[in-house]
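Analysis of the macromolecular model
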Amino acid sequence: MAVKNHNFRFNMEKDNEVRAWEILHSKEVKEDFRSQNEFVIAAINDYYDRHLDKKQRERGSIYAKHCKCCGAESA
């Protein structure tokens, strides 16, 4: 089994990092995932997929405003 390790630090003076720490150690994560590692992997993959989808939609809406043959803006 090839395993790679990565450590995270949580700055407890930053609200968004406190929230992430609390979520990671929440009852829901303990109940719904086999481990914190499984939760973090699922969260990263889900976030990244949504990020790419959003980026693609934004790109599509930009291109939809321009004519494909000459680049002129369409109404």
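Look up: the structure comes first, before these words.
It should be emphasised that the depicted structure is a prediction, and the values quoted were computed from it without experimental measurement. (Residues numbered from 1 in each chain as written. Predicted model: local features only at pLDDT ≥ 70, side-chain atom pairs only at ≥ 80, totals over all residues. Heavy atoms only, no water.)

**Comments concerning the packing of aromatic side chains**
To describe a pair of aromatic rings, you give the distance between the ring centres and the angle between the ring planes. The criterion, for reference: Two rings belonging to Phe, Tyr or Trp (six-membered ring only in the last case) form a pair when the distance between their centres is within 6.5 Å. Interplanar angles under 30 degrees mark stacking, angles over 60 mark edge-to-face geometry, and anything in between is tilted. To qualify as a helix, a DSSP run of H or I must reach at least 4 residues; to qualify as a strand, a run of E must reach at least 2; elements of each kind are numbered from the N terminus. Each residue is assigned to one of three classes by its accessible area relative to the maximum for its type, calculated with a 1.4 Å probe on protein chains only: buried under 20%, partly exposed between the two thresholds, exposed over 50%.
What the rule picks out here adds up to 2 aromatic pairs. Summarising the aromatic geometry, the rings of phenylalanine 10 and tryptophan 21 are spaced 5.3 Å apart at their centres and angled 70° between planes, so their arrangement reads as edge-to-face. Taken together, the positions of phenylalanine 10 in the segment before α1 (15-24) and tryptophan 21 in helix α1 put the pair 11 residues apart, joining distant regions of the chain. Note on tryptophan 21: relative accessible area 36%, which makes it partly exposed. Ring geometry for phenylalanine 33 against phenylalanine 39: centres 5.1 Å apart, planes inclined by 75°, an arrangement best described as edge-to-face. Note on phenylalanine 33: relative accessible area 26%, which makes it partly exposed. Overall, the relative accessible area of 18% leaves phenylalanine 39 in the buried class.

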